[in-house]
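# Descriptive analysis of the structure
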Amino acid sequence: MTLRAIIVGAIVLAAPREAACWRMAEHRAIGTESYIAACERLAASKDRDAGTTQRYEVACGNLGTTAFLYGQGTSVSGDFVSEPGELLSVLGASTATSRTNYYKLALTNGAHFHPTATREWREIHKDAVDGALAASREVGVEQLQAFEQAFAESAFADHFLHDSFAAGHMGFDRPGSSVAASKAFHDEWNERGRRVANRRGQIWITYGDGYLDIPQNRDARRRVVAASAESVYGVVAAFVLGTRDPEPDYEVWREVPFAIDDQELLPTFESLFRGSEVLTRPTMLPLLAVKRRAEKDGILGAWSSFTMGFEDADHPIGAIVFGGDLLLPGLGTRIEVGAGIGLEDSARHVRFAVDGGFVKGIALSFSGLVSHEIDAGVLLVAGTDDVDVVPRITYRLNVEAGDWLVRPEIGPAYDVSSAELGFYVGIGIMKVLSASGGGGFY
Ligand SMILES: [Zn+2]
């Protein structure tokens, strides 16, 4: 077992059940509707010759049921199964319903975001079209088998095409952002909606995961279904007609979001004084342009800390506090403050505690599932007649499961009253409520 597998496994067990994609029912609806549209468009050509009629029957027979199967394929792809072959295999059935696998894929979901999502679609769609074309030249079970493979590849590819239309899947540097920051950024934009433009220059507002069917998303919904129908048509037409028609590929390319109003999310501190962000740029920027990463901003939770001198080991100081973090505008550093109870000398005296400091991110590991930070802070524990003041500089590791953080930390500390060097350890459980950052360089 690799270290990565252990860490991902541990996070998987702790993670709340929240996806970072269109909801399953939304993917399924887009997939089903687009498959029906593609088959209906092909119906006019199905009586061309006996072979065409037979292949049309394979691809589009019992259309409602076949289209449902396709829609379900798009909904589990990428989240539950990690490659098209799994959709077909017996293993696919158990993989697709396994929570563990779902979390593993959903937590490291960089491929579902712009600009990777459209490339992911392109790569797998290409295989699906090639496979469909090859299947058209086969007969009998070889043909059925080959088409089934192309069908699964196409459904897998289209999942990423659907994601390319979701507002929360664009406008920031996903690989450069931690999992919790990405989740908070993603959730906010999916709900708020974003102005996007396609390569035809048409502009609309698109919402995202969980908002496919709201009235404000009607135009955007029509567009994601239209693009997906082109994608399906490219594959099914290659099989039924036996020729490669490049036009559907170009139609997808013209329709998919290409540019956005990619304003950054202001830190909560800044929006308190300035209101929400105002976009001053005259033009929309391409999704392929370099984007800023999202940062964890508002965080709330509880942590427990413990500090002790190296010499005076019988005088430990502990605290349990509730509090949170806010990002300081322009610095990429968060201020963190918590208040609660302090414990001293084996909990014989209960005192008042304040723990706070400045926290700065320094690196990410495991696709952002783990973030590393430096915390420079002070623990203050006050009784009726004395105060312990213990400054510290610690290293903190955040294990990020969706928008939850489990954060152990450790480092040197200095007890001011006893003038003694020691150490500080802490462990916290926090929830990330908001992100800031993202947006393009301009
Ligand atoms: Zn997805």
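Residues numbered from 1 in each chain as written. Predicted model: local features only at pLDDT ≥ 70, side-chain atom pairs only at ≥ 80, totals over all residues.

### A word on helix α3 (residues 50-60)
Within α3 the residues assigned to the buried category are Arg 55, Tyr 56, Ala 59 and Cys 60. Here the buried residues of α3 occupy an arc of 105° about the axis, which is enough to place them on one side. Set apart from the buried face of α3 by more than 90 degrees, the exposed residues are Ala 50 and Glu 57. Buried-residue contacts for α3 involve α2 (24-42), α4 (63-76), α8 (116-136), α9 (140-163) and α11 (218-241). (Buried ≥ 20, exposed ≤ 12 C-beta atoms within 10 Å, placed from the backbone. Helix = DSSP H or I, 4+ residues; strand = E, 2+ residues; numbered from the N terminus. Arc of directions from axis to C-beta. Contact = placed C-beta atoms within 7 Å.)

### Things to note about the pairing of strand β11 (residues 387-401)
As judged from the 13 bridges shared by strand β10 (residues 370-382) and β11, these two strands associate in the antiparallel manner. Each bridged residue has a counterpart across the sheet, and for Leu 379 the counterpart in β11 is Val 390. Two successive antiparallel strands, β10 and β11, enclose a turn made up of four residues. The pairing of β11 with strand β12 (residues 404-415) spans six bridges and is antiparallel. (Pairing = 2+ DSSP bridges.)

### Brief notes about α4
Its 14 residues give α4 an end-to-end C-alpha distance of 20 Å, which sits within 8% of 20 Å, the value for a rise of 1.5 Å per residue. Considered for burial, the residues of α4 that qualify are Ala 67, Tyr 70, Gly 71, Gly 73, Thr 74, Ser 75 and Val 76. Of the residues trailing α4, Gly 78 is marked for its positive phi of about 80°. (Expected span 1.5 Å × (residues − 1).)

### Things to note about the sheet that holds strand β2 (residues 203-206)
Strand order in the open sheet formed by four strands is β2-β1-β3-β4, and the pairing between neighbours is antiparallel. Of all strands in the sheet, those with a lone pairing partner are β2 and β4 (285-286), marking the two edges.

### Some details on the packing of α11 against helix α12 (residues 247-255)
Following both chains from N to C, one finds α11 and α12 inclined at 160°, their axes separated by 8 Å at the closest point. Taken together, the axes of α11 and α12 lie roughly antiparallel to each other. In this structure, α11 meets α12 at a crossing whose hand is left-handed. Facing α11, whose interface residues are Arg 223, Ala 226, Ala 227, Glu 230, Ser 231, Tyr 233 and Gly 234, α12 presents Pro 248, Asp 249, Glu 251, Val 252 and Glu 255. (Axes fitted to C-alpha atoms, helices over the stretch in contact; angles between N-to-C directions. Parallel < 35°, antiparallel > 145°, perpendicular 65-115°, else oblique. Left-handed = near helix turned anticlockwise from the far one by under 90°.)

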